[in-house]
Amino acid sequence: MMVKEDCSFCDEFEHGLIIHGKNYGDRILWSTENFVVFPVLGPIVAGNILIAPKQHYMGVTGIPEQFYDELEEIQEKTKRKVTEVYQPPFFFEHGEVGERPRGGNCIDHAHLQVIPSNVGYHVVAALERKFTRRVVKNYHDLRPNKEQRIPYIDVPDALTSQYVRQIIAVQIGNPSRWDWRNDYRIDEMLIAAERLRS
């Protein structure tokens, strides 16, 4: 299995979630052969979870194309479960952009954010004011970008970390909630795990 030595997700998948010396164990909600779903630290809304590959890839475009159908299947299962427990989610990746080691994220292990919220439309509108929109039907549509080393969005160098989370925080009326590193909200993460596992 491909892992990266200094990756917090790779370490967690092997040893469990460890924060300030306390091991919270396995927070995986469900998985497939190549992907895991787990609640985020510092959820921006209740039920905020992630989909990530078990192996280390920089972004969705770095995931081998033969895994894309499996990713779409686990994304659909996740959508059904989150809708049942919370509300319909929207998905996004800050992800890898071109040759830069990080896109707009702070963890360089590929992961899709799953946000149960009705603010998805407003997030898209805010992004369209800054970026040119390109619709992709599925993950296979992203492959040519990776092969040609073209970012699937043109991101200015000055783009701040967790940019989409910042937009969401404004849209939900809590602008300070975007940075999960400021408050892990462990209790909220554990509640989401319990609700989604039931």
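Described in the following lines is the structure provided in the data block. (Residues numbered from 1 in each chain as written. Predicted model: local features only at pLDDT ≥ 70, side-chain atom pairs only at ≥ 80, totals over all residues. Heavy atoms only, no water.)

Attention shifts here to the overall build of the chain. Regarding its fold elements, the chain presents six helices and seven strands. Helices and strands in the chain line up, N terminus first, as α-β-β-β-β-β-α-β-β-α-α-α-α. Classification of the 198 residues of the chain by burial places 48% in the buried group. Within the structure as shown, the chain displays about 10500 Å² of accessible surface, and the carbon and sulfur contribution to it stands at 49%. (Helix = DSSP H or I, 4+ residues; strand = E, 2+ residues; numbered from the N terminus. Buried < 20%, exposed > 50% of the residue type's maximum accessible area, 1.4 Å probe, protein only. Areas by Shrake-Rupley, 256 points an atom, 1.4 Å probe, with all protein chains shown as cover.)

Turning next to helix H1 (residues 8-15). Within H1 the residues assigned to the buried category are Phe9, Cys10 and Glu12. Taken around the axis of H1, the buried residues stretch over an arc of 165 degrees, which confines them to a single face. Taken together, the buried residues of H1 touch strand E1 (17-19), strand E4 (35-39) and strand E5 (49-53). Downstream of H1 by a residue or two, Gly16 has a phi angle that is positive, lying close to 95 degrees. (Arc of directions from axis to C-beta. Contact = heavy atoms within 4.5 Å.)

With that settled, the discussion passes to a negative patch on the surface. On the surface, a cluster of negative charge is made up of Glu65, Asp69, Glu73 and Glu147. Summarising the element assignment, Glu65 is placed in the loop between E5 and helix H2 (68-85). A residue is classified by how much of its surface remains accessible, and Glu65, at 32% relative accessible area, is partly exposed. (Patch = residues over 30% accessible without salt bridge, like charges linked within 9 Å, V, L, I, M, F, W, Y side chains within 5 Å. Salt bridge = Lys/Arg side-chain N within 4 Å of Asp/Glu carboxyl O. Lys, Arg positive; Asp, Glu negative; His and termini not counted. Charge placed at Lys NZ, Arg CZ, Asp CG, Glu CD.)

Attention now goes to the pairing of strand E2 (residues 22-25). Within a regular strand, side chains alternate between the sheet's two faces. Strand direction decides the pairing type here: E1 and E2, joined by three bridges, are antiparallel. Residue pairing for E2: Ile19 is matched across the bridge by Lys22. In this antiparallel pair of consecutive strands, E1 and E2, the connection spans two residues, and His20 shows a positive phi of 50 degrees. (Pairing = 2+ DSSP bridges.)

Inspection of every chain in the model, using the stated rule, returns five salt bridges. Put simply, Arg27 and Glu12 hold a salt bridge, and the shortest N to O gap is 2.6 Å. On the criterion of sequence distance, the pair formed by Arg27 in the loop between E2 and strand E3 (30-31) and Glu12 in helix H1 is long-range, its members being 15 residues apart. Taking relative accessible area as the criterion, Arg27 reaches 8% and is therefore assigned buried. Close ionic contact of Arg177 with Glu188 constitutes a salt bridge, the shortest N to O distance being 2.3 Å. Of the two residues, Arg177 is situated in the loop between helix H5 (163-171) and helix H6 (186-197) and Glu188 in helix H6; the sequence distance between them amounts to 11 residues. Classification of Glu188 by relative accessible area gives partly exposed; the value is 33%.

With that out of the way, let us pick up the nonpolar core. Counting 22 residues, the largest nonpolar core has Ile49, Ile63 and Leu71 as the members making the most contacts within it. Only E4, E5, H2, strand E7 (112-116) and H6 provide two or more residues apiece to this core. Among the elements that take part in this core, H2 stands out by supplying five residues, more than any other. The residues touching Leu71, leaving out its near neighbours within four places in the chain, are Phe35, Ile51, Val60, Ile63, Leu112 and Tyr139. Counting 15 residues, the second-largest nonpolar core is a separate cluster that includes Phe9, Val36, Leu41 and Leu50. (Core = buried A, V, L, I, M, F, W, Y, C linked by side-chain atoms within 4.5 Å.)

The next subject is the pairing of E5. Where burial is concerned, most of E5 is hidden: five out of the five residues are buried. The alternating pattern of E5 places Ile49, Ile51 and Pro53 on one face and Leu50 and Ala52 on the opposite face, and all of these are buried. As paired elements, E5 and E7 share three bridges and run antiparallel to each other. Each bridged residue has a counterpart across the sheet, and for Ile51 the counterpart in E7 is Leu112.

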